[in-house]
Amino acid sequence: MSESLPTPEQIDALYKRLDEEAEAGGYHLNPDREMTRRLVEGLLANQARYGYQACPCRLADGDKEADLDIICPCDYRDPDLDEHGACYCSLYVSEAIVKGEHKVRPVPERRPDDPAQRRQALKPVQAEPGAGVPVWRCRVCGYLCARDNPPGVCPICKAKRERFEQMRLTVVLSA
Amino acid sequence: MNTTHVPGTRSNRQVFLFALSTCGWCRRTREFLEANGVEYTYIYVDLLKGDERKEALDEMRKWTPRQAFPTIIVGEEVLVGLDEDKLRGALGL
């Protein structure tokens, strides 16, 4: 298969942009610069090959619809950061890893093998008490997000995770 | 399968690597093997299309139900992901 390789300038440019965006949003790129550079190179290779930046460490199908959950940042980044301190390919890592308190270890694949199961997460949730994804509120700035756990840092005001509270939502239907 | 053989001075165990050309950990696995003089064969599954890709994935499935890269076969042992300590152990380094 003939492919034009990303140039060093393209890699540097995307590396810089992703790093700035990560830091602005309370995330961190892997401090192992050699590894991060290779992962960024893989993203660019996938961009050229498929037209989107599929995870460099997963086998993309080439059908965008089928690959939506593994377009970087993938659907699995936040739970993997919570549980393993790194996303699947280790492009994104926790603060503890940035500080050198932990090492990056292989992250087991949490993406379901069965494509039908990947889509389940995207179906509307049943309106039952306790069902669905919890909503977290930053007590400092009011930022809201719906995910299993609050983010490590508020992407808006940079308040730490412990400043988040889980919201109890009441839905009032007007006539 | 369209595999690539890398000669080495250490060839007491058969080593086969299922890898992706875009994956930094796959690349680091190859560097580790080569730095240790390990003879091995690899295949970049992402560069395969259609039946060739299916054939490689079917072969991989014989070893592990999980489709993850790198998958390293050392003799009869299957290692998923690069864990240098485990790989060293499997290779007897």
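Cut-offs applied
- Residues numbered from 1 in each chain as written.
- Chains lettered and ligands numbered in written order.
- Predicted model: local features only at pLDDT ≥ 70, side-chain atom pairs only at ≥ 80, totals over all residues.
- Heavy atoms only, no water.
- Helix = DSSP H or I, 4+ residues; strand = E, 2+ residues; numbered from the N terminus.
- Buried < 20%, exposed > 50% of the residue type's maximum accessible area, 1.4 Å probe, protein only.
- Contact = heavy atoms within 4.5 Å.
- Areas by Shrake-Rupley, 256 points an atom, 1.4 Å probe, with all protein chains shown as cover.
- Core = buried A, V, L, I, M, F, W, Y, C linked by side-chain atoms within 4.5 Å.
- Arc of directions from axis to C-beta.
- Domains from an automatic or database assignment.
- Buried area = accessible area lost by both parts, 1.4 Å probe.
- Salt bridge = Lys/Arg side-chain N within 4 Å of Asp/Glu carboxyl O.
- Polar contact = N/O pair within 3.5 Å; in protein donor to acceptor, adjacent residues only side chain to side chain.
- Pairing = 2+ DSSP bridges.
- Axes fitted to C-alpha atoms, helices over the stretch in contact; angles between N-to-C directions.

(A) Summary view of the overall build of chain A. A tally of helices and strands in chain A yields six helices and five strands. Helices and strands appear in chain A in the N-to-C order α-β-α-α-α-β-α-α-β-β-β. A buried classification covers 41% of the 175 residues belonging to chain A. Summarising the internal contacts of chain A: among those between residues at least 6 apart in sequence, 45% fall at separations of at least 24. Of the roughly 10,400 Å² that chain A leaves accessible, carbon and sulfur atoms contribute 50%.

(B) Expanded view of the nonpolar core. Counting residues in hydrophobic clusters, the biggest one holds 66 residues, and the most contacted among them are Leu 91 and Tyr 92 of chain A together with Val 45, Phe 69 and Leu 87 of chain B. Considering every element that reaches this core, the biggest residue donor is helix α2 (residues 33–50) of chain A, with six residues. When neighbours within four sequence positions are excluded, Val 45 of chain B is seen to be in contact with Leu 59 of chain A together with Phe 18, Ala 19, Leu 20, Arg 53, Ala 56, Leu 57 and Phe 69 of chain B. Counting six residues, the second largest nonpolar core, distinct from the first, contains Cys 138, Cys 154, Ala 159 and Phe 164 of chain A.

(C) Spatial organisation of helix α4 (residues 77–84) of chain A. Residue and element names in this part refer to chain A. Within α4, burial applies to Arg 77, Asp 80 and Leu 81. All buried residues of α4 lie within an arc of 105° about the axis, which places them on one face of the element. Remark: Gly 85 follows α4 within two positions and exhibits a positive phi of approximately 80°.

(D) Representation of the domain arrangement of chain A in the model. Residue and element names in this part refer to chain A. Each assigned domain of chain A is listed here: domain 1 (8–120) and domain 2 (124–175). Each partner contributes to the interface: domain 1 provides seven residues, whereas domain 2 provides six residues. Note on domain 1 versus domain 2: buried area summed over both sides is about 530 Å², and carbon and sulfur give 33% of it. At the boundary of domain 1 with domain 2, the tally comes to two salt bridges. The partner of Asp 78 in a salt bridge is Arg 147, with the nearest N and O atoms 2.7 Å apart. There are five residue pairs in polar contact (both at pLDDT 80 or more) connecting domain 1 and domain 2. When residues of the side of domain 1 that touches domain 2 are traced back to their parent elements, those giving at least two are α1 (8–24) and α4.

(E) Representation of the sheet that holds strand β4 (residues 144–146) of chain A. Residues and elements named next belong to chain A. Reading across the sheet, the three strands line up as β4-β3-β5 and stay open at both edges, with antiparallel pairing between neighbours. Edge positions in the sheet fall to β4 and β5 (164–166), since each has one partner strand and no second. Sheet twist, expressed as the mean angle between neighbouring strand axes with direction ignored, is 30°.

(F) How the structure looks around the pairing of strand β3 (residues 40–44) of chain B. Residues and elements named next belong to chain B. The buried count for β3 comes to five of five residues, which makes it a mostly enclosed element. In β3, alternate side chains face the same way, and those of Tyr 40, Tyr 42 and Tyr 44 on one face and Thr 41 and Ile 43 on the other are all buried. Of the pairings in the sheet, the one linking strand β1 (residues 4–6) to β3 comprises three bridges and is antiparallel in character. Note that in β3 the partner of His 5 across the bridge is Thr 41. Two strands pair when backbone bridges link them, and strand β2 (residues 15–19) and β3 are joined in this way by four bridges, in the parallel orientation.

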